[in-house]
Amino acid sequence: MNFEYSEEQNLLKESIVRWAQDNYSFDQRRLGAESEKGYSQDHYNTFAELGWLSVPFAEENGGYGGSVIDIAAIMEEFGKALVVEPVFPNLIMFGGLLERSNNDAIKAELIPQIIDGSLMGAVAMYEPQARFDASNVATTASQAGDGYTLNGEKCVVLGGADAAKLIVVARTSGDQTDEDGLSLFLIDSDASGVELSAYPLMDGQQVADIKFNDASATLISELGAATEALNQVLNIAHVALCAEAVGIMEVLNKTTVEYTKTRKQFGVTISSFQALQHRMVDTFMSAEQAKSLLVGTLVELTDDRTTPQRAAKMVNALRTIVAKNGKHIGDEAIQLHGGMGLTDELNVGHYHKRMMMINLMFGNGDFFQHQFNQVAYGS
Amino acid sequence: MNFEYSEEQNLLKESIVRWAQDNYSFDQRRLGAESEKGYSQDHYNTFAELGWLSVPFAEENGGYGGSVIDIAAIMEEFGKALVVEPVFPNLIMFGGLLERSNNDAIKAELIPQIIDGSLMGAVAMYEPQARFDASNVATTASQAGDGYTLNGEKCVVLGGADAAKLIVVARTSGDQTDEDGLSLFLIDSDASGVELSAYPLMDGQQVADIKFNDASATLISELGAATEALNQVLNIAHVALCAEAVGIMEVLNKTTVEYTKTRKQFGVTISSFQALQHRMVDTFMSAEQAKSLLVGTLVELTDDRTTPQRAAKMVNALRTIVAKNGKHIGDEAIQLHGGMGLTDELNVGHYHKRMMMINLMFGNGDFFQHQFNQVAYGS
Amino acid sequence: MDNSFSSADLEFQQEVRAFFKSAYTADLQAKVESGEDHKSVAIEWQNKLNAKGWLAPDWPVEVGGTAWTPVQKFIFETERCDAGAPDVVPFGVRMVAPVIFTFGNDEQKKRFLPRILTSEDWWCQGYSEPGAGSDLAALQTKATKDGDDYIVNGAKIWTTYAQSADWIFCLVRTGTFEKRQQGISFLLIDMKSEGIQVNPIHSIDNHHSLNEVVFENVRVPQENLIGVENQGWTYAKALLAHERTSIAGVADSRRWLRDIIALAEQQTNYKGRLIDDPQFQTRLSDIEIELMALEYMELRVLAKLSSGDTPGPESSLLKIKGTEIQQALQELRMQTIGAYSGSLHLSNFQNDLHRAGSNSRRAYMYGRAATIYGGSNEVQRNVIAKAVLGL
Amino acid sequence: MDNSFSSADLEFQQEVRAFFKSAYTADLQAKVESGEDHKSVAIEWQNKLNAKGWLAPDWPVEVGGTAWTPVQKFIFETERCDAGAPDVVPFGVRMVAPVIFTFGNDEQKKRFLPRILTSEDWWCQGYSEPGAGSDLAALQTKATKDGDDYIVNGAKIWTTYAQSADWIFCLVRTGTFEKRQQGISFLLIDMKSEGIQVNPIHSIDNHHSLNEVVFENVRVPQENLIGVENQGWTYAKALLAHERTSIAGVADSRRWLRDIIALAEQQTNYKGRLIDDPQFQTRLSDIEIELMALEYMELRVLAKLSSGDTPGPESSLLKIKGTEIQQALQELRMQTIGAYSGSLHLSNFQNDLHRAGSNSRRAYMYGRAATIYGGSNEVQRNVIAKAVLGL
């Protein structure tokens, strides 16, 4: 039994720490975040040069061959640095689905472009009527000659504002809420029939709502059998987001503790108030819980003995506790910073907003707890 | 608008306070509570002499004609004094159902005996398989000549150990969980076919599990139409228990605050620790919430404009908050008393145990919140 | 105990309801909900209230008040929220005016009160200072006498809408005493005075409503001093208890709750309606039940006030519970809407959920302030511990 | 990171599982669950463990330990709880023995350790004193030298099972120093000594396990002093960190959780099974998810220990979360059973729910102690604030 990152993983983490120290101060980050694109292409190119963008991809696809533990290792550090560059939507979501495609030619063409930083892609899956239900898909694809024609509407597409290519989840059979009958399609974001409205989220991400009107697209999965690939990618995505959240929690707690040690009220530092001390102990414990469950999920997901049911239990437990404890930590960080916590000038609010977005992505705490209940106690 | 008890109600309350001061110290109470019967008949006779036992009964039945506010007024004080004498099961439950009986002869005979303290009665309603569902009744009554024959099993009958007479809820038609088809029967507890096993609960009440084997009983309600009377009595019972709980909360908080002012650790009184101060503020607010919702329920239940739906919303909200906040207050009282809170010698544990029993009677917090949800959001 | 309104109250309720129905027009509502052009929209609405004589119910009748009973005030507030109409901007009407009509001289009353009613003067509040936070008495802005004037130097912070204010009411230090609460004076300062600089503070709701106001040798006529020099703390304190009592915001929270229910009736969850999901219902009733308790907590305080009592430390309790409930509702509203509630901008929406999402995000973010300002909830707990529990 | 057991560990797991299956007989289980005759039942079980050589895994091998790795200890504990077998009574095996074999002399080791293994000597703990509580260093029981003996005067409180103990290990004051932690010695006292009086303390679980132990001129040979005079605090502290680490009780909590699920499968709620009620499921998973986190929190600490670290302040975290989870489970178990969980007595039951109810009531009530003893959770929070967060 061993619950620490490996030496290689620590080296990877340290390379991110060093880069962030030298290149990604709050003000430097802001330059990218407040640009029209919402991130810095230069930084993103550096990620490619340093090899970070290759981590999730298999060696046979030109990647580093990283496991979910490797992914968590880098995401934790990206969380700590509050990286706004679209690693998650491009690598974990778009790249993840691409790698599970049955179209080898497209994989061979596009994965290297993701790894070298030249291609931005996004996955268009959720729809306005669906809330958190990934199988509630009204967008349809109908065969038209060699290809397919897409019709429908997708919303809050992560990375969608800037993506050159989209993978679209569309229904090729079944009723609107059936789990089966979904297929994956590749399409250029500037193709005819694609209408894209971009807007920012509170964490600085640029996303898009996208309408498809008789848009021609290429099938890249088995027809009607995309659910397994989607679930595999979502499982990794959940863990990646939680790893990022664990990094954020650590920064929020550390920043808050440090702030209370310098901030004076009624003639003393507010860190000397026992009521605040106990609350900071509670936020510390909240972070330790999340970190421990992340570690547990990582070791169980990479363990051959783990059943799919056990994996689902761990992932949903992790997302549930990250949602609860993330809110707890974020709210306390702002409260204990007082008025300063309300300003855009301090990083606390920015970390909190990213945490809140993570906890609204693909489900919220109640949603994941409901899923957990189904797995754990469902009859 | 007025949210205070009236002058008459305050006089009634003060008479209980005075009596308790003079006659019901912790040790004096204990004498009754630890006797075989579980309470003092002498005290109970005093209650009769002071007129308290007449409060809930209508004037035409020889009672004081008290409203639910009058009942709450005395129950709050009984709560503060931790009165173990069976006022609740005898007056509110047994007396309440009796008063709603359609058998005037029996009412004329028995209600005066309740008021003068000579009759102890109990209501046998819940069954082992039913948990908190009052309409899950497997006990049957079948006609036999002029009367009825009871068969079945009742459990945790409040006041059951000592009752001379029982009102039994039994099914005369319908399936086991139907809301309709229930009737009320009167039977002597020493009648043939009644097998009674008495045992104490943690709050000192003596209750009973009761089996009926072909026991002859008298119908005292319309056949198959007891549900309305049951619901009316339960509504008052819920408020009475919550008023008692509000009294208990006040004592627990006061006792705890006082204790922390005398108890020294690390060279200072523990009341000087800010973390504990804030927790005591929270328990104070918990009690104020419950008290406010009690007052709200009382004024709305006695307001002509109140709909049954609104009344159900108030009562279930009240029981939900009493369950939550009662637990909060009780747990904190014990925790802040430290080791001393764990001893049988201090009254804190006894108040806490009574509070816990209240919050398991006829439902728990989740049960009442579920009922609230049905009324408030049910489609 | 009874809950009933008198027939006069019931008539009043009808009158208020009719007023809101006719005065708060759909056009005005759309302007309010756009969140844009805050000041002119607010003035448009306040002028309607003033025309009816209902802008400043709490003021003495002779200067424009209504002499309403607490029950009438409760009715007005409930009807306002049922109508969805915005509250009055508090800085002039509710904050500085009571100090002026209670502690100011006749000249000051004549000069300032009418222009508050007509919204000609727009006020902001200069209490907090950089570094002082909830420890209000630590304030360091100095006013030194110079001829007929004071010379003011220092800085105020978290000053809401200072950028559009004509006047600021300030606590300034005019003397040094052993007790820090002494030596503080209450001063009215024209925002157009030379030496005042307003620095915007952008807040986490991505808006600009907060500011830092810096005073550099600002000359203020001594006639702008309220009451007696060095007694300003007493005047401000009287005001704060009043502020805490009204902060419970029951009627507003009730409106939020209804809004969440309406959203949850439209949202889908686990292939059914979100409102039918038992877990969601429990989240909702966790809050609604506390809100019902708060409502009667507030009514009990109001009833006491109407029998002549002044608001005591129990107003801290209303502030704590009221703001906690507000924040819980803001959070639940975001959870109800889902990922759309991360939307940043108020314009260019794809659909209604977008608009609701962006509004809820902004309310949540701005709402974080509620447990911090007006004396943080931690300070309120200290107050209750000391004043109520004797700890 | 990996979670896998070595093949040796897997073999060990099989051996442990087989042992519990054969040694923890249905007969013994019935005796344990009756809750009666605690001491003789405990001895019967501990003798079985001792016969297998598994009573005291943590001891050095030369005095009876097993030299298990942390992983093996984890496996043993998990299997024990899966089998439903009771834990060892800690006072001898886990509390005094480590002090004796770490700080005692050879004579003391020879004299005391074997009799702990055979359960011939039954120990109790004399740390807390009336009025001292979590402020352990405030202790006032005095030991004064008189010839070859100490004369002990004072009182200890909350002494579990003092009424059936042969020996008590005490912290006593032997000197006065500026730091209260100095001047404390660790003394072993024969409970049969003249001048010892055991006063029962009846607790809120309606049982008698706690006591006050009063010492009046009790003569204790100086050979019963552990280590050096006035250094007792150091010995006790080493022990406490160990106690906190093992207090998380993950495996036991897991058993409680399974028990609640089994009960909820039988109970009816809203005309269905309680286990199918979404609100109940959420109550359950609120706890289970925290328990899953605690499990890995403990494993991370264990893994660190196996790489040679000593338990640090993070053991306080395990204590806080572990006891909070235990109490939440005890509460939920009562809620699951309903009104039957108020039943007071363990005998004369009408049905199974009765027995489960009474057991759950007792566990809940006794369980209130978990957040108080061993340094209250408030004190643990102080420890983390200082030692981990540097506050």
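Residues numbered from 1 in each chain as written. Chains lettered and ligands numbered in written order. Predicted model: local features only at pLDDT ≥ 70, side-chain atom pairs only at ≥ 80, totals over all residues. Heavy atoms only, no water.

Asks: What is the right way to read the overall build of chain C from this model?
Replies: Across its full length, chain C holds twelve helices and ten strands. The C-alpha radius of gyration of chain C comes to 22 Å, within 12% of the 21 Å expected for a compact globule of 391 residues. Its C-alpha atoms give chain C principal-axis dimensions of roughly 75 × 50 × 50 Å. Expressed as a percentage of contacts within chain C between residues at least 6 apart in sequence, the contacts between residues at least 24 apart total 69%. When the accessible surface of chain C is split by element, carbon and sulfur atoms take 50% of a total near 15,600 Å². Taking the average location of the 40 positive side-chain charges in chain C and that of its 50 negative ones, the two points are 2 Å from each other. (Helix = DSSP H or I, 4+ residues; strand = E, 2+ residues; numbered from the N terminus. Rg over C-alpha atoms; globule rule 2.2 N^0.38 Å. Contact = heavy atoms within 4.5 Å. Areas by Shrake-Rupley, 256 points an atom, 1.4 Å probe, with all protein chains shown as cover. Lys, Arg positive; Asp, Glu negative; His and termini not counted. Charge placed at Lys NZ, Arg CZ, Asp CG, Glu CD.)

Asks: Explain the overall build of chain A to me, please; I cannot follow it from the model alone.
Replies: Assigned secondary structure in chain A consists of eleven helices and nine strands. A compact globule built from 379 residues should have a C-alpha radius of gyration of about 21 Å, and chain A, at 21 Å, falls within 12% of that. Overall size of chain A, expressed as C-alpha extent along the three principal axes, is 80 × 50 × 40 Å. Classification of the 379 residues of chain A by burial places 64% in the buried group. Here chain A has roughly 13,100 Å² of accessible surface; of this, 47% comes from carbon and sulfur atoms. Averaged over its 27 positive side-chain charges, chain A has a centre that lies 9 Å from the centre of its 50 negative ones. (Buried < 20%, exposed > 50% of the residue type's maximum accessible area, 1.4 Å probe, protein only.)

Asks: Can you walk me through the environment of L91 of chain B in this structure?
Replies: Residue and element names in this part refer to chain B. As for its position among the elements, L91 is in helix α5 (residues 87-99). Given the relative accessible area of 2%, L91 is considered buried. Separated by 148 residues in the primary sequence, L91 and V239 place their C-alpha atoms 14 Å from one another. Sequence-distant contacts of L91, defined by excluding residues within four places in its chain, comprise Y44, W52, L53, P56, F57, G96 and I114.

Asks: I tried to follow the relation of the copies chain A and chain B on my own but got confused; where do I start?
Replies: In this structure, two copies of a chain are linked by a rotation about an axis accompanied by a shift along it. Aligned on chain B, chain A shows an RMSD of 0.0 Å; the corresponding rotation is 180° and the shift along the axis is 0.0 Å. Seen this way, the second copy is the image of the first under a two-fold rotation axis. Of the C-alpha atoms belonging to chain A, the one lying closest to the rotation axis is found on A275 of chain A, 1.9 Å away. A share of 100% of interface residues in chain A that are also interface residues in chain B marks the association as one of identical surfaces. (Least-squares fit on C-alpha atoms with pLDDT ≥ 70 in both.)

Asks: For this particular structure, what's the right way to read the side chain of T323 of chain D?
Replies: Residue and element names in this part refer to chain D. Mapping T323 onto the fold places it in helix α10 (residues 314-337). Residue T323 is classed as buried on the basis of its relative accessible area, which comes to 0%. In this view, T323 contacts L318, A370, T371 and N377; residues no more than four positions away in its chain are not counted.

Asks: Any chance you could explain the confidence of the model for chain C here in plain terms?
Replies: Residues and elements named next belong to chain C. Averaged over every residue, the pLDDT of chain C is 90; the share at 70 or more is 96%. Of all secondary-structure elements in chain C, the lowest mean pLDDT belongs to helix α7 (residues 232-246), at 75, while helix α6 (residues 106-117) reaches the highest, 97. Both scores are given for the predicted complex: the pTM is 0.94, the ipTM 0.95. (pLDDT = per-residue confidence, 0-100.)

Asks: Got a minute to help me understand the interface of chain B and chain D in this structure?
Replies: Accessible area lost during the coming together of the parts is what is often quoted as the interface size. Taken together, the contacts link 47 residues of chain B with 47 residues of chain D. Roughly 3,900 Å² is buried in total at the junction of chain B and chain D, and carbon and sulfur atoms are behind 55% of that figure. Taken together, the links from chain B to chain D amount to five salt bridges. The partner of E331 of chain D in a salt bridge is K327 of chain B, and the shortest N-O contact between them spans 3.6 Å. In this structure, the connection of chain B to chain D is made through 23 residue pairs in polar contact (both at pLDDT 80 or more). Contributing elements (two or more residues each) for the side of chain B that touches chain D: β3 (147-157), β6 (194-200), β8 (264-265), α8 (274-301), α9 (308-337), α10 (347-358) and α11 (365-377) of chain B. (Buried area = accessible area lost by both parts, 1.4 Å probe. Salt bridge = Lys/Arg side-chain N within 4 Å of Asp/Glu carboxyl O. Polar contact = N/O pair within 3.5 Å; in protein donor to acceptor, adjacent residues only side chain to side chain.)

Asks: It is not clear to me how the interface of chain A and chain B should be interpreted in this structure. Could you clarify?
Replies: With five residues of chain A at the interface, the matching set in chain B holds five residues. When chain A packs against chain B, the two sides together hide about 380 Å² of surface, and 54% of this comes from carbon and sulfur. For the pair chain A and chain B, the number of links is three residue pairs in polar contact (both at pLDDT 80 or more). Residue classes in the side of chain A that touches chain B are distributed as three nonpolar, two polar and no charged. (Nonpolar A, V, L, I, M, F, W, Y, C, P; charged D, E, K, R; others polar.)

Asks: Quick question: what am I supposed to make of the environment of D205 of chain C here?
Replies: Residue and element names in this part refer to chain C. Positionally, D205 belongs in the loop between β6 (196-201) and β7 (210-221). We classify D205 as buried; its relative accessible area is 1%. Separated by 68 residues in the primary sequence, D205 and A137 have C-alpha atoms spaced 29 Å apart. Residues within four places of D205 in sequence aside, it is in contact with R361, R362, M365 and Y366. Among the polar contacts listed, one links the side chain of D205 to the side chain of S203, at a separation of 2.6 Å.

Asks: Please clarify how the packing of helix α8 (residues 274-301) of chain A against helix α12 (residues 377-387) of chain D should be interpreted in this entry.
Replies: In a packed pair of helices, the relevant descriptors are the angle between the two axes and the axis-to-axis distance. Running from N to C, α8 of chain A and α12 of chain D point in directions that differ by 80°, and their axes come no closer than 9 Å. Relative to α12 of chain D, α8 of chain A is oriented roughly perpendicular. Contacts between α8 of chain A and α12 of chain D involve Q274, Q277, H278, V281, D282, F284 and M285 of chain A from the former and E378, R381, N382, I384 and A385 of chain D from the latter. Its residues assigned to classes, the contact of α8 of chain A with α12 of chain D comprises five nonpolar, four polar and three charged. (Axes fitted to C-alpha atoms, helices over the stretch in contact; angles between N-to-C directions. Parallel < 35°, antiparallel > 145°, perpendicular 65-115°, else oblique.)

Asks: What exactly am I supposed to notice about the pattern of salt bridges here?
Replies: Side chains bearing opposite charge may pair, as long as their charged atoms lie close to each other. This structure, assessed with the given rule, holds 104 salt bridges over all chains. Note that R279 of chain A is salt-bridged to E378 of chain C, the shortest N-O span being 2.8 Å. Taken together, the positions of R279 of chain A in helix α8 and E378 of chain C in helix α12 (residues 377-387) put the pair across two chains. Given a relative accessible area of 13%, E378 of chain C falls into the buried group.

Asks: Got a minute to help me understand unusual backbone geometry in this structure?
Replies: Peptide bonds are trans in most cases, and residues, glycine excluded, mostly fall at negative phi. A positive phi is found at N230 of chain C, a non-glycine position, where the angle reads about 70°. Along the chain, the position of N230 of chain C falls in the loop between β8 (225-226) and α7.

Asks: Whenever I open this one, the packing of α10 of chain D against helix α11 (residues 352-367) of chain D confuses me. Can you help?
Replies: Residues and elements named next belong to chain D. Where α10 contacts α11, the two axes come as close as 9 Å, and the packing angle between them is 150°. Of the possible angle classes, the one that applies to α10 and α11 is roughly antiparallel. Here α10 and α11 pass one another in a crossing that is left-handed. For the pair α10 and α11, the contacting residues are Q327, Q330, E331, R333, M334 and I337 in the first and L353, A356, G357, N359, S360, R361, A363, Y364 and G367 in the second. (Left-handed = near helix turned anticlockwise from the far one by under 90°.)

Asks: Help me understand the side chain of T227 of chain B in this model?
Replies: Residue and element names in this part refer to chain B. For T227, the location among the structural elements is in helix α7 (residues 227-262). With relative accessibility at 15%, the residue T227 sits in the buried group. With residues near it in sequence (within four places) discarded, T227 still touches E179, D180 and L182.

Asks: Would you explain the domain arrangement of chain A in this entry?
Replies: All names here are of chain A. Considered domain by domain, chain A is made up of domain 1 (7-115), domain 2 (121-225) and domain 3 (228-377). Placing a centre on the C-alpha atoms of domain 1 and another on those of domain 3 gives a separation of 22 Å. Facing the 18 residues of domain 1 at the interface are 30 residues of domain 3. The contact between domain 1 and domain 3 buries some 2,100 Å² in all, and 76% of this surface belongs to carbon and sulfur atoms. On inspection of domain 1 and its partner domain 3, the count reaches three salt bridges. With a shortest N-O distance of 2.4 Å, R30 and D344 are connected by a salt bridge. Linking domain 1 with domain 3 are four residue pairs in polar contact (both at pLDDT 80 or more). (Domains from an automatic or database assignment.)

Asks: Help me understand a negative patch on the surface in this model?
Replies: On the surface, D175, D178, E179 and D180 of chain A cluster together into a negatively charged patch. Mapped onto the fold, D178 of chain A is located in the loop between β4 (165-171) and β5 (182-188). (Patch = residues over 30% accessible without salt bridge, like charges linked within 9 Å, V, L, I, M, F, W, Y side chains within 5 Å.)

Asks: Just checking my understanding: could you explain the environment of G183 of chain C for this structure?
Replies: All names here are of chain C. For G183, the position within the fold is in the loop between β4 (167-173) and β5 (184-190). On the accessibility criterion, G183 (0% relative accessible area) is buried. Along the chain, G183 and V172 lie eleven residues apart, while their C-alpha atoms are 8.4 Å from each other. The residues contacting G183, other than those within four sequence positions of it, are V172, R173, T174, G175, F177 and N230.

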